[in-house]
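Remarks on the overall topology
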Amino acid sequence: MNSTFMRKAAAIAATATCAVAATAMTSAPAGAAPIGETSFLVAQGGTGTDKAVAAVEAAGGTVVQEWPQIGVVVASATDDTFDDKARSAPGIVAAGPSRAMQAYEPASAIVPDGSVKGLGPGTAGGDDTKEPLNANQWDMRQIGADKAHLKTDGNRDITVGVLDSGVEADHPDLAANVDASQSVDCTDRGVPNTSPTKWQPTTSDHGTHVAGSIAAARNGVGIVGVAPNVKLASVKVVEDAGYIYPEYAICGFIWAADKGMEVTNNSYYIDPYALWCKANLDEKAAILAVERALKYSEKKDVVNVAAAGNSAWDLSKPITDTGSPNNTPEPTPRDTDQRCYDMPTEVGNTVTTSSVGPTAVKSYYSNWGRNVVDVAAPGGDSRVAADTPDRNGRILSTVVGGGWGYKQGTSMASPHAAGVVALIRGTDTGLNAKQAMKTLEREADTLACPEFYDANRDGVNDATCEGGANGFGYYGSGLVDALDAVTP
């Protein structure tokens, strides 16, 4: 991963079992000093926002954004007892800040990978080898996308929402597929903004790279994506400093659902906590709001695909979170338990995707975990030489500036799975979201646990792949298979 896992390349950690320590953040006592304007999430019981709005106003806050679909509002306030006051209001089930208090904004550390430019047009067609950079796309051959393309390039009625740092709309390999009418920016406190200058990338090429793996066009230029004939919507949820706060992601999920998108890709974790703990009243509100947004999304028939993370952690075991909150000068280490979640990967209603390299073995950085990972997909592994002319083991895709570049991470694995879901939904249009997810898992190719452990490969000393011949600890149902997914 690399840049929406950007700055947090090694820190997207998730866990299915994680312990709330006494150091968890709590609200300051009454009478505490003002905090400057801070964003809060307030959730009422059921749908609508009447009670939440009343609670915000009574507590001295200002309503910024309302989501009556899920009974949640975003509010701003300058009093750090605001959430305590809001929680005591009639009909309110949760209230808390969407980011750590006393926040600071470090300079963005997003550094785009080098790109390959100056490629002339080739010959379009169903044969992937006619795309100029196809020889470098070991990832597409690994999941049978090249063979699937002989059957279908995808259905034009399918839209994949790229919840990320923005998609370059005029990139020569993406321009034909980016749908401006469905694109939006969500990084101004979760308030939707459809201006193209807002939803396109400003500091990061991460979203553009993700978009290319999903749906780079078949046009004789550069590469080809998993589903080169589907539409892409840029749903910008990453602000310029690299943060994805809860209200940004919630805005993205609800926007995609209300626009009727069939698939979303989510190559990020929600800041400022690698693990949000439900037992903490301040963090509970964000968890509840994201849960509701994902449930709403699924009810609206969207398949949400998410990256597992790059910390080389077993997500099914207890984890010590040492990097949260990540928007304060000094994070507070804490042990976590099953009441803590990486969001959105572990909240539910997502397809959690781990990463493999060119030899179809878990990438050294990829998180894993029994009953956590759903499928695996190619995300690259720079420690393994790829069967390509460059042999760097990473994923080639589109980058900002009209070029092509290499990245690796579960951020790169997730869009491959999202692309296969797009092919599934375009091939069998009668499937609902849950059925499409089941098809993805059923048609995946089982990968066995590696026969031996190599510390240099997995990157941790206690890497254990549960599942034996089924390998589900590392790979869930297995490596996604584009050809089988579109073959009756």
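A brief report on the enclosed structure follows. (Residues numbered from 1 in each chain as written. Predicted model: local features only at pLDDT ≥ 70, side-chain atom pairs only at ≥ 80, totals over all residues. Heavy atoms only, no water.)

**Describing the overall build of the protein chain**
When helices and strands are tallied, the protein chain shows 13 helices and 18 strands. Counting all 488 residues of the protein chain, 62% fall into the buried class. The long-range fraction of contacts in the protein chain, counting pairs at least 24 apart against all pairs at least 6 apart in sequence, stands at 78%. Approximately 16,400 Å² of the protein chain is accessible, and the part contributed by carbon and sulfur atoms is 50%. (Helix = DSSP H or I, 4+ residues; strand = E, 2+ residues; numbered from the N terminus. Buried < 20%, exposed > 50% of the residue type's maximum accessible area, 1.4 Å probe, protein only. Contact = heavy atoms within 4.5 Å. Areas by Shrake-Rupley, 256 points an atom, 1.4 Å probe, with all protein chains shown as cover.)

**Observations concerning the sheet that holds strand β15 (residues 351-356)**
Pairing is parallel across the open sheet formed by 7 strands, whose spatial order is β7-β8-β6-β9-β11-β15-β16. Two strands bound the open sheet, and with one partner strand each, they are β7 (184-185) and β16 (375-378). (Pairing = 2+ DSSP bridges.)

**Digging into the packing of aromatic side chains**
To describe a pair of aromatic rings, one takes the distance between the centres and the angle between the planes. Tallied over the entire structure, the rule returns 7 aromatic pairs. Ring centres of W368 and Y474 lie 5.8 Å apart, and the angle between their planes is 75°; this geometry places the pair in the edge-to-face category. Placement of the pair is W368 in the loop between β15 and β16 and Y474 in helix α12 (residues 472-475), with a sequence separation of 106 residues. For the pair W368 and Y474, a shared accessibility class is recorded, and that class is buried. (Phe/Tyr/Trp six-rings, centres within 6.5 Å; stacked < 30°, edge-to-face > 60°.)

**Quick look at the pairing of strand β18 (residues 403-407)**
Counting buried positions along β18 gives 5 out of 5 residues, so the element sits mostly inside the fold. Burial along β18 is two-sided: the residues G403, G405 and K407 and W404 and Y406 are all buried. Connecting strand β17 (residues 395-399) to the next strand, β18, in antiparallel fashion are 3 residues, including G401 with a positive phi near 100°.

**Some thoughts on the packing of helix α6 (residues 206-215) against helix α9 (residues 410-427)**
Geometry of a packed helix pair, given as the angle between the helix axes and the separation of the axes. Where α6 contacts α9, the two axes come as close as 8 Å, and the packing angle between them is 35°. When the axes of α6 and α9 are compared, the crossing they make is right-handed. The segment α6 lies against α9, with H206, H209, V210, S213 and I214 engaging S411, M412, P415, H416 and G419. In the contact of α6 with α9, the residues fall into 4 nonpolar, 6 polar and no charged. (Axes fitted to C-alpha atoms, helices over the stretch in contact; angles between N-to-C directions. Left-handed = near helix turned anticlockwise from the far one by under 90°. Nonpolar A, V, L, I, M, F, W, Y, C, P; charged D, E, K, R; others polar.)

**A look at the nonpolar core**
If you look at the biggest cluster of nonpolar residues, it comprises 56 residues, and the most contacted ones within it are L232, V303, V305, V420, L440 and V480. Broken down by element, this core gets its largest block of residues, 9 residues, from α9. Ignoring anything within four residues of it in the chain, the contact list for V303 reads E262, V263, T264, V351, V421, R425, A433, A436 and M437. (Core = buried A, V, L, I, M, F, W, Y, C linked by side-chain atoms within 4.5 Å.)

**Focus: unusual backbone geometry**
At the junction of D271 and P272, the peptide bond is cis and its omega measures out at 0° in the coordinates. Tracing the chain through its elements places P272 in the loop between β9 (263-266) and β10 (276-277). Cis geometry marks the peptide bond from M343 to P344; its omega dihedral reads 10°. Here the phi dihedral of A360 falls at roughly 60°; this positive angle occurs in a residue that is not glycine. Tracing the chain through its elements places A360 in the loop between β15 and β16. Backbone geometry at N371 places phi at a positive 65°, although glycine is not the residue there.

**Digging into helix α10 (residues 433-442)**
Within α10, burial applies to A433, A436, M437, T439, L440 and E441. Backbone nitrogen of K434 and a side-chain oxygen of the N-cap are separated by 3.2 Å at the start of α10; the cap is N432. (Polar contact = N/O pair within 3.5 Å; in protein donor to acceptor, adjacent residues only side chain to side chain.)

**Brief notes about the sheet that holds strand β4 (residues 92-97)**
Pairing in this open sheet of 4 strands is antiparallel, and the strands run β2-β3-β1-β4 from one edge to the other. Two strands lie at the open edges of the sheet, namely β2 (62-67) and β4, each paired on one side alone. Pairs of neighbouring strands in the sheet enclose a mean axial angle of 20°, with direction left out of account. Bridge count between strand β1 (residues 38-44) and strand β3 (residues 72-77): 6 bridges; the pairing is antiparallel. Its bridge partner being in β3, S39 is matched across the sheet by S76. Where helix α8 (residues 281-299) meets the sheet, its contacts fall on β1, β3 and β4, and the angle it forms with β4 comes to roughly 110°.

**A word on the packing of helix α7 (residues 246-258) against α8**
At a minimum axis separation of 9 Å, α7 and α8 run at an interaxial angle of 15°. It follows from the interaxial angle that α7 and α8 lie roughly parallel. In the packing of α7 onto α8, the handedness of the crossing is left-handed. In contact with P246, I250, F253, I254, A257 and D258 of α7, α8 contributes A286, A289, V290, A293, L294, Y296 and S297. Among the residues making up the contact of α7 with α8, the classes are represented as 11 nonpolar, 1 polar and 1 charged. (Parallel < 35°, antiparallel > 145°, perpendicular 65-115°, else oblique.)

**Some points on the pattern of salt bridges**
Counted by the stated rule, this structure contains 18 salt bridges. Residues R87 and D83 are paired through a salt bridge, measuring 3.8 Å at the closest nitrogen-oxygen approach. Of the two residues, R87 and D83 are both situated in helix α2 (residues 82-87); the distance of 4 residues between them amounts to about one turn of the helix. In this structure, E283 and R334 form a salt bridge, with 3.0 Å as the shortest nitrogen-oxygen distance. Placement of the pair is E283 in helix α8 and R334 in strand β13 (residues 334-335), with a sequence separation of 51 residues. (Salt bridge = Lys/Arg side-chain N within 4 Å of Asp/Glu carboxyl O.)

**Some points on the state of the cysteines**
A full pass over the atoms with the stated rule returns 3 disulfides. Residue C449 pairs covalently with C465 via a disulfide, S to S 2.2 Å. Disulfide C449-C465: torsion about the S-S bond near -80°, hence left-handed. With a gap of 16 residues between them, C449 in the loop between α10 and α11 (455-458) and C465 in the loop between α11 and α12 connect regions that are remote in the sequence. (Disulfide = S-S within 2.5 Å.)

**What about the pairing of β2?**
The pairing of β2 with β3 spans 5 bridges and is antiparallel. Its bridge partner being in β3, W67 is matched across the sheet by V72.

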